[in-house]
Amino acid sequence: MSWTEVVIEIARDHAEALSDALMEAGALSVSVEDADEGTEDEKPLFGEPGMEPTEAAWDHSRVVALTDTDADQLAIVTEAAQAIKLAVVPAFTTRKVEDADWVRLTQSQFEPIHIGKNIWVVPSWHEAPDPSGLILELDPGLAFGTGSHPTTRLCMEWLEAHPAPGKSVLDYGCGSGILAMVAKKLGAQDVAGVDIDPQAIESARANAERNKVEIDYYLPDTFAASSNERHAGGKFDIVVANILSSPLKLMAPMLAGRVAAGGSLILSGVLARQAEEVAAAYAPFIKLGVWAEQDGWVALHGTLGQDSAPPPRSGG
């Protein structure tokens, strides 16, 4: 089986409405891309939680509609253009999409990832390159955190460099649960993960079961209600939060309040230019400094009760 893609370049003002109209006119799926992708005019489109872009479109947008090969592509585009009252039917090109083993093709894009000295993140369809390493079996999914992003890697490397056998660890904003699993496999005893997304909690629990580790995962309200009883008064020897700068600043009192006396706080999801303002938000509670930087992202760390931030990673 094969399909035909219809490709239309159009201004931002019409991209979203045209996408909806194409679906109504019979397209199987529609996506919007930056028509300037790969050029110096390319513009990233992203947002932090609670600050997402209001529309998925660019000044120079490319709308790509997937249709059945035997569909009347001109009729679909014409109907969509008329539905949103365009003065003229926009020009378009078509391209054939051949059938393929999409599962195998997708899997081929994800190889084992080597992190730090001895950590491997391995998709289920691969053999571990080094069976003696710390192996995390983790498939790409809906929850954030496979070890490919610099912020995740930095947190994993910090945990590897500061193993805490028998201690407690809180992974706040756990996503896939990868950081909690690293901590557990490095010997932590009491490990908990928290996320605002129920789907992330479900994914994290499935990943923990697959990796044969016992970790408690919670939504924030459930965590607040149960952590005092189940987790030593709700305080942890290590608290790690890989989120983004804006929510991290807002959560400073809460996250710092989860750190046990003499415990460590590790924050990532912070751009290098944001490090000082994030550290300033935590200064009344704990002194943070940059531990390491990677690709413009940093990990901040601090020890509760110390008058100054601990030093950065040696050589980093």
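Residues numbered from 1 in each chain as written. Predicted model: local features only at pLDDT ≥ 70, side-chain atom pairs only at ≥ 80, totals over all residues. Heavy atoms only, no water.

A few points about the sheet that holds strand β1 (residues 3-11)
Piece 1. Spatially, the four strands line up as an open sheet ordered β2-β3-β1-β4, and their pairing is antiparallel. Here the strands that pair on one side only, and so sit at the sheet edges, are β2 (29-34) and β4 (93-97). Across this sheet, the average inter-strand angle for adjacent strands is 25 degrees, counted without regard to direction.
Piece 2. Two strands pair when backbone bridges link them, and β2 and strand β3 (residues 60-68) are joined in this way by six bridges, in the antiparallel orientation. By the bridge assignment, Ser29 is partnered in β3 with Leu66.
Piece 3. Contacting β1, β2 and β3, helix α1 (residues 12-25) crosses the sheet at an angle of about 150 degrees to β1.
Piece 4. Strands β1, β3 and β4 of the sheet are contacted by helix α2 (residues 73-83), whose axis makes an angle of about 35 degrees with β1. (Pairing = 2+ DSSP bridges. Helix = DSSP H or I, 4+ residues; strand = E, 2+ residues; numbered from the N terminus. Axes fitted to C-alpha atoms, helices over the stretch in contact; angles between N-to-C directions. Contact = heavy atoms within 4.5 Å.)

Quick notes on a negative patch on the surface
Piece 1. A cluster of like negative charges, contributed by Glu16, Asp20, Glu24 and Glu79, occupies part of the molecular surface.
Piece 2. The biggest single contributor to the negative patch is α1, with three residues.
Piece 3. Within the element layout of this structure, Glu79 appears in helix α2. (Patch = residues over 30% accessible without salt bridge, like charges linked within 9 Å, V, L, I, M, F, W, Y side chains within 5 Å. Areas by Shrake-Rupley, 256 points an atom, 1.4 Å probe, with all protein chains shown as cover. Salt bridge = Lys/Arg side-chain N within 4 Å of Asp/Glu carboxyl O. Lys, Arg positive; Asp, Glu negative; His and termini not counted. Charge placed at Lys NZ, Arg CZ, Asp CG, Glu CD.)

Examining the UniProt feature "binding site: S-adenosyl-L-methionine" (unreviewed entry) in the protein chain
Piece 1. On the UniProt side, "binding site: S-adenosyl-L-methionine" (unreviewed entry) is annotated at positions that read Thr152, Gly173, Asp195 and Asn242 here.
Piece 2. Structurally, the position occupied by Thr152 is in helix α4 (residues 150-161).
Piece 3. Using a relative accessible area of 1% as the deciding quantity, one classes Thr152 as buried.
Piece 4. Summarising the element assignment, Asp195 is placed in the loop between β9 (190-194) and α6 (198-210).
Piece 5. Residue Asp195 is classed as buried on the basis of its relative accessible area of 12%.
Piece 6. With residues near it in sequence (within four places) discarded, Asp195 still touches Gly173, Cys174, Gly175, Ala200, Ile201, Tyr218, Leu219 and Pro220.
Piece 7. Separated by 3.3 Å, the side chain of Asp195 and the backbone nitrogen of Cys174 make a polar contact. (UniProt positions renumbered as here; feature names shortened; annotations may be inferred. Buried < 20%, exposed > 50% of the residue type's maximum accessible area, 1.4 Å probe, protein only. Polar contact = N/O pair within 3.5 Å; in protein donor to acceptor, adjacent residues only side chain to side chain.)

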